Amino acid sequence: MKRTDYISWDEYFMGIALLSAMRSKDNNSQVGACIVSPENKILSLGYNGMPIGCNDDDMPWEREGDDLNTKYMYVCHSELNAILNSPHNDLTGARMYVTLFPCNECAKAIIQSGIKELIYLSDKYHDTHASIASRRMFNMTGVKYRAYQPTGREIHLEV
Ligand SMILES: Nc1ccn([C@H]2C[C@H](O)[C@@H](COP(=O)(O)O)O2)c(=O)n1
Ligand SMILES: [Zn+2]
């Protein structure tokens, strides 16, 4: 008889997004993204980090202070990294699992890439202009978005 307690597609892909987030050097928010085809094949992964060639140790990770000395000027968001990392030039109809609801800049890239559905975990910046603008663009363009429904299942990685 086959196993019945296997993880769902949503658990699988959000789990991989969470694992990707663990690569982030950001000391406040580690974000991961996983792009999946309509056939449930993984197309790309990403996490928030400094652009290639910008040494993590030489870049600022501060949230506050002079603009030029905060991470915000430099860090590449997980969603954009996942889109840019993709070896597939056509993401039409794909869905994205992301551990934090996208900002407006990533929303633009998501829309332009042809991704049609977004599944997010945290929405901790729900009331910011960035999130409001993202929802506005997603609603206008028909990109569906839904909160990941936690199942309560714990997945342990021991290596
Ligand atoms: N959807 C998002 C939102 C933010 N990020 C990145 C950008 C920063 O590295 C970090 C947010 O830092 P915080 O302001 O929470 O200290 O997360 C992203 O990758 N995707
Ligand atoms: Zn973003």
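Named according to an unreviewed UniProt entry, the protein is Cytidine and deoxycytidylate deaminase zinc-binding region originating from Subdoligranulum variabile DSM 15176.

**Points about the nonpolar core**
Within soluble globular proteins, side chains that are nonpolar generally end up buried alongside one another. The biggest cluster of nonpolar side chains holds 21 residues, and the ones touching the most others in it are I35, I83, M96, I115, L118 and F138. Elements with a minimum of two residues in this core: β1 (32-36), α2 (78-85), β3 (95-100), α3 (104-113) and β4 (117-122). Top contributing element to this core by residue count: α3, with four residues. The contact partners of I83, leaving out residues within four places of it in the chain, are I35, L91, M96, A109, I110, S113 and I115. Membership of the second largest hydrophobic core comes to nine residues, among which are F13, C34, V36 and Y97.

**Observations regarding the packing of α2 against α3**
A pair of packed helices is captured by two measures, namely the crossing angle of their axes and the spacing between those axes. Close contact between α2 and α3 brings their axes to 9 Å; oriented N to C, the two are set at 30°. In terms of orientation, α2 and α3 fall into the roughly parallel class. The two elements α2 and α3 meet at a crossing, and its hand is left-handed. Touching E79, L80 and I83 of α2 are C106, A109, I110 and S113, all from α3. Taken together, the residues that form the contact of α2 with α3 break down as five nonpolar, one polar and one charged.

**Topic: the pattern of salt bridges**
Tallying each qualifying case throughout the model produces seven salt bridges. The residue D26 makes a salt bridge to K71 at a minimum N-O spacing of 2.9 Å. In this pair, D26 sits in the loop between α1 (9-21) and β1 while K71 sits in the loop between β2 (42-47) and α2, placing the two residues 45 residues apart along the sequence. Among the residues examined, D26 registers a relative accessible area of 4% and is labelled buried. By relative accessible area, K71 is classed as buried at 3%. Linked by salt bridges that have partners in common, D10, E117 and R146 make up one network.

Reading the values: rules and limits
- Residues numbered from 1 in each chain as written.
- Chains lettered and ligands numbered in written order.
- Predicted model: local features only at pLDDT ≥ 70, side-chain atom pairs only at ≥ 80, totals over all residues.
- Heavy atoms only, no water.
- Core = buried A, V, L, I, M, F, W, Y, C linked by side-chain atoms within 4.5 Å.
- Buried < 20%, exposed > 50% of the residue type's maximum accessible area, 1.4 Å probe, protein only.
- Helix = DSSP H or I, 4+ residues; strand = E, 2+ residues; numbered from the N terminus.
- Contact = heavy atoms within 4.5 Å.
- Axes fitted to C-alpha atoms, helices over the stretch in contact; angles between N-to-C directions.
- Parallel < 35°, antiparallel > 145°, perpendicular 65-115°, else oblique.
- Left-handed = near helix turned anticlockwise from the far one by under 90°.
- Nonpolar A, V, L, I, M, F, W, Y, C, P; charged D, E, K, R; others polar.
- Salt bridge = Lys/Arg side-chain N within 4 Å of Asp/Glu carboxyl O.

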